[in-house]
Amino acid sequence: MSFFRKLKDRLTKSSSKLDEGLDAIIEEGAVEDAAEPAPAVDEVLGAADAAPERVQPSVATPDRAVPPGDGAAAANDAQAEPLLPPDMREPEPTPEPEPEPEPVPTSAEEITGPEAMPVEEAAEAQPAKKAGLFGRLMGRSAAPRRALDDDMLEQLEELLITADMGVETAMRVTANMAEGRYGKLMSAEDIKALLAQEIAAVMEPVARPLPIYPKKPQVVLVVGVNGSGKTTTIGKLASQFRAAGKSVVIAAGDTFRAAAVEQLQIWGERAGVPVLTAPEGSDPAALSYDAMVKAEAEGADLLMIDTAGRLQNRADLMEELAKIVRVIRKKDPDAPHNTLLVLDATTGQNALNQVDLFGKMADVTGLVMTKLDGTAKGGVLVALADRFGLPIHAIGVGEQIDDLQPFDPQDFANALVGVEES
Ligand SMILES: Nc1nc2c(ncn2[C@@H]2O[C@H](COP(=O)(O)OP(=O)(O)OP(=O)(O)O)[C@@H](O)[C@H]2O)c(=O)[nH]1
Ligand SMILES: [Mg+2]
């Protein structure tokens, strides 16, 4: 199964919501298809290229995550590696050479050739050429189309809000969709392709694999609210980095629950990675420090520190997180080199609040969004990209060890909107 197909299958809830909503919007306002021949999808999509005025995201996107205090030199040294090394990915099918595009015929004669039609029939067919015949011959007459107007834009905006994209992002995306296309007739297929293109444009600047730095051990601190998927994501990441030839150590910084340590040990076994633990109730900052010393002594490439889930409004627990950071900086002033905030897609708009508060307490450098499988709230990732511009390193699409995918903006946008892979 191709990468895209798997993603699309997993994102069924989000995608069917947008997919069906867009079909309904077009059908509701569909016009008699006589005024204007259907533009090719490329023509519809291309219109925005010519439009100079596009609504910009509310924040500037940082170029990439740089380890705190490490400055530009470290950024230059950093080799951004794909989440999955190339040999772990499913083989791409060899692209077939594209056939030369045929010029699009503009009349019935051009399509059928003058000899193909008896004279009377051809004469009769002439008046119908604009709509019915042209459409039928192009195989498009069956697709209802609707003019892109204020009503339609408002409906689109509402649909995007129900898909958890948030008001500001929904407004920006629909404004960009309208740019240079106002009044154009659009089929559901056109509007889906256009929406996917606009979403991909928002996501493009934030799609960044977890950067790998030459520093040993590179410390990756993993934070988030209760049950967001931190421990599972650490297991999945450790397995992928291990498969990519990196030596990984995990520290069980969730010292509150004995069960949390056991869960991490199971993931460590699955991933083939050692897990450093401390007795229940001990100080997670002290464990993290010890883990750094051990990881360094063992020459590990990566140290991933799991932490207990904490609600972003619990000041005491957030302070504890800040303490972990302070203590590990005594060992390495640049650590943690990455602070990953793991977000659960099913929490929808609350994810925005989590990024805001964790960002303030723990200098979050990147995001992983889990549980995108089986939720209709996948649009929140678009809102996050638009609002914060933080790198999105990976997405979780299931509970198994290989259910963590690198974030590909166009695949994600297509899967979210319900566009088939071209
Ligand atoms: N469907 C699905 N389930 C996931 C995904 N990631 C994690 N889970 C499940 O979510 C639940 C919580 O995951 P954990 O990894 O324990 O979450 P956590 O953030 O470590 O939780 P706490 O340590 O209690 O704060 C588990 O049942 C996981 O299997 C995902 O991408 N998709
Ligand atoms: Mg956990």
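Residues numbered from 1 in each chain as written. Chains lettered and ligands numbered in written order. Predicted model: local features only at pLDDT ≥ 70, side-chain atom pairs only at ≥ 80, totals over all residues. Heavy atoms only, no water.

**Focus: the sheet that holds strand 9 (residues 338-344)**
The condition is simple: Two strands pair under a simple rule: DSSP has to find at least two bridges between them. The way it works is that DSSP assigns letters per residue, a run of H or I at least four long becomes a helix, a run of E at least two long becomes a strand, and they are numbered from the N terminus.
Reading across the sheet, the 8 strands line up as 7-6-8-5-9-10-11-12 and stay open at both edges, with mixed pairing between neighbours. Across the chains shown, the open sheet's two edge strands, defined by having one partner strand only, are strand 7 (275-276) and strand 12 (404-406). Relative to strand 8 (residues 302-307), strand 6 (residues 248-253) runs parallel, the two sharing 6 bridges. Considered in strand 8, the bridge of Val 249 is made with Leu 303.

**Notes on helix 16 (residues 409-417)**
We apply this condition: The classification of residues rests on relative accessible area computed with a 1.4 Å probe and restricted to protein chains. Under 20% of the type maximum is buried, over 50% is exposed, and intermediate values are partly exposed. For the purposes of these results, a polar contact is taken to be a pair of N or O atoms within 3.5 Å, where, inside protein, one atom must be able to donate a hydrogen and its partner to accept one; residues adjacent in sequence count only when each atom of the pair is a side-chain atom.
Counting buried positions over the 9 residues of helix 16 gives 8, a clear majority of the element. Buried within helix 16 are the following residues: Pro 409, Asp 411, Phe 412, Ala 413, Asn 414, Ala 415, Leu 416 and Val 417. The N-cap of helix 16, judged by a side-chain oxygen 3.1 Å from the amide nitrogen of Gln 410 a few residues on, is Asp 408.

**Quick look at a negative patch on the surface**
Heads up, the rule is: Residues enter patches when their relative accessible area tops 30% and they take part in no salt bridge; the joining distance is 9 Å for like charges and 5 Å for the nonpolar side chains Val, Leu, Ile, Met, Phe, Trp and Tyr. The protein chains shown are the only cover counted for residues, whose accessible areas, like all others here, come from Shrake-Rupley with a 1.4 Å probe. Salt bridge, as applied in this entry: a Lys or Arg side-chain nitrogen positioned within 4 Å of an Asp or Glu carboxyl oxygen. Only four residue types enter the charge count: Lys and Arg as positive, Asp and Glu as negative, with His and the chain ends excluded. By convention, the charge on Lys lies at NZ, on Arg at CZ, on Asp at CG and on Glu at CD.
A cluster of like negative charges, contributed by Glu 28, Asp 150, Asp 151, Glu 154 and Glu 158, occupies part of the molecular surface. With 4 residues, the single largest contributor to the negative patch is helix 7 (residues 150-162). You can see Glu 154 is positioned in helix 7.

**Describing the packing of aromatic side chains**
Here is the rule we go by: Between 30 and 60 degrees the pair is tilted, below 30 it is stacked and above 60 it is edge-to-face, where a pair is any two Phe, Tyr or Trp rings, Trp via its six-membered ring, whose centres lie within 6.5 Å. Here, a charge over a ring means that NZ of Lys or CZ of Arg falls within 6 Å of the ring centre while also lying within 35 degrees of the ring normal.
Considering all chains together, one arrives at 1 aromatic pair under this definition. Ring centres of Phe 407 and Phe 412 lie 5.3 Å apart, and the angle between their planes is 55°; on these two criteria the pair is classed as tilted. Looking at Phe 407, the relative accessible area reads 8%, which means it is buried. Directly above the ring of Trp 267 sits Arg 270, whose terminal nitrogen or CZ lies 4.3 Å from the centroid.

**Topic: the layout of surface pockets**
Note the cut-off: Each cavity reported here is a set of points on a 1 Å grid over the protein atoms alone in which a 1.4 Å probe fits but cannot get out, each pocket an open set with protein on both sides within 12 Å along at least five of seven lines, and each lining residue one with an atom within 4 Å of a point. Grid points are joined across faces, edges and corners, and a volume is the space filled by probe spheres set on the points. Residue classes follow a fixed rule: Ala, Val, Leu, Ile, Met, Phe, Trp, Tyr, Cys and Pro count as nonpolar, while Asp, Glu, Lys and Arg count as charged, and any other residue, Gly among them, counts as polar.
What the second largest pocket holds in volume is close to 450 Å³. In terms of lining residues, the second largest pocket is bounded by 26 residues, among which Gly 227, Ser 228, Gly 229, Lys 230 and Thr 232 are the most central. Looking at the lining of the second largest pocket, the element that brings in the most residues is helix 10 (residues 230-243), giving 5 residues. Of the residues that constitute the lining of the second largest pocket, the class distribution is 4 nonpolar, 14 polar and 8 charged.

**Re the nonpolar core**
Quick note on the threshold: Among buried residues, the Ala, Val, Leu, Ile, Met, Phe, Trp, Tyr and Cys ones that are joined through side-chain atoms within 4.5 Å form a nonpolar core. The contact criterion used throughout is that any non-hydrogen atoms of two residues lie within 4.5 Å.
By size, the foremost hydrophobic cluster in this structure holds 80 residues, and its most contacted members are Met 203 and Leu 381. Among the elements that make up this core, the one with the highest residue count is helix 9 (residues 188-203) (9 residues). Contacts of Leu 381, omitting those with residues within four sequence positions, involve Met 203, Met 369, Leu 372, Ile 392, Ile 395, Phe 407 and Phe 412. Grouped together as the second largest cluster of nonpolar side chains are 23 residues, Ile 212, Ala 271, Val 273 and Leu 302 included.

**Notes on the confidence of the model for the protein**
Test applied: Residue-level confidence of the predictor is summarised by pLDDT, bounded by 0 at the bottom and 100 at the top.
Within the protein, residue pLDDT values average 80, and 72% of them lie at 70 or more. Element-level pLDDT for the protein is lowest in helix 5 (residues 108-112), with a mean of 35, against a maximum mean of 98 in strand 8. Low pLDDT (under 50) marks residues 98-133, which in the prediction has 23 contacts with non-local residues, meaning those over four places away or in another chain.

**Some details on the site of ligand 1**
Worth spelling out the cut-off: One heavy atom within 4 Å of a molecule or strand makes the whole residue count as near it. By definition, a pocket or cavity contains a molecule when more than half of the molecule's atoms lie within 2 Å of the pocket's grid points.
In the vicinity of ligand 1, 20 residues are found, and the nearest of them are Lys 230, Thr 231, Thr 232, Asp 373 and Glu 399. Between ligand 1 and the protein, one listed contact pairs an oxygen atom with a backbone N or O atom of Ser 228 at 3.1 Å. At 2.9 Å, a backbone N or O of Lys 371 approaches an oxygen atom of ligand 1. Computed on the free molecule, ligand 1 has an accessible area of 650 Å², of which 80% lies beneath the protein chains in the complex. Judged by its atoms lying within 2 Å of the grid points, ligand 1 is housed in the second largest pocket. In terms of residue class, the shell around ligand 1 is built from 2 nonpolar, 11 polar and 7 charged.

**What about the packing of helix 9 against helix 15 (residues 380-388)?**
Axis angle and axis distance: for two packed helices, these are the angle between their axes and the distance between the axes, and together they describe the pair. Inclusion rule: A fitted line through C-alpha atoms serves as each axis, taken over the contacting stretch for helices, and the angle formed by two N-to-C directions is quoted from 0 to 180°. Each angle receives one of four descriptions, namely roughly parallel if under 35 degrees, roughly antiparallel if over 145, roughly perpendicular if within 65 to 115, and oblique otherwise. Should the near helix be turned counterclockwise from the far one by less than a right angle, the crossing is left-handed, whereas a clockwise turn marks it as right-handed.
Orientation of helix 9 relative to helix 15, taken along the N-to-C sense of each, is 45°, at an axis distance of 8 Å. Taken together, helix 9 and helix 15 sit at an angle that is classed as oblique. Crossing angle aside, the handedness with which helix 9 passes helix 15 is left-handed. Here helix 9 contributes Ile 199, Val 202 and Met 203 to the contact with helix 15, which in turn contributes Leu 381, Val 382, Ala 385 and Asp 386.

**Here we look at unusual backbone geometry**
Backbone torsion omega between Lys 216 and Pro 217 reads -10°, so that peptide bond is classified as cis. Topologically, Pro 217 is positioned in the loop between strand 4 (211-212) and strand 5 (218-223). Between Ala 335 and the following residue, Pro 336, the backbone shows a cis peptide bond with an omega angle of -10°. Following the sequence through the fold, Pro 336 ends up in the loop between helix 13 (315-331) and strand 9. Even without glycine at this site, Asp 164 takes up a positive phi of about 70°.

**Describing the side chain of Thr 255**
With respect to the helices and strands, Thr 255 occurs in the loop between strand 6 and helix 11 (258-271). Given the relative accessible area of 2%, Thr 255 is considered buried. A polar contact of 2.7 Å, which involves the side chain of Thr 255, links it to the backbone oxygen of Ser 282. When neighbours within four sequence positions are excluded, Thr 255 is seen to be in contact with Ala 278, Pro 279, Glu 280, Gly 281, Ser 282, Pro 284 and Leu 287.

**Concerning helix 9**
The condition that has to hold: A helix is expected to span 1.5 Å for every residue after the first.
With 16 residues, helix 9 should reach 22 Å at 1.5 Å per residue; the first-to-last C-alpha distance of 22 Å fits that figure. Counting buried positions along helix 9 yields 13 of 16 residues, so the element is predominantly enclosed.

**Focus: the packing of helix 7 against helix 8 (residues 167-178)**
Between helix 7 and helix 8, the shortest axis-to-axis distance is 9 Å and the interhelical angle comes to 140°. As summarised for this structure, helix 7 and helix 8 are arranged oblique, according to the angle between their axes. The two elements helix 7 and helix 8 meet at a crossing, and its hand is right-handed. Facing Leu 153, Leu 156, Glu 157, Leu 160 and Ile 161 of helix 7, the residues of helix 8 in contact are Val 167, Ala 170, Met 171, Val 173, Thr 174, Met 177 and Ala 178.

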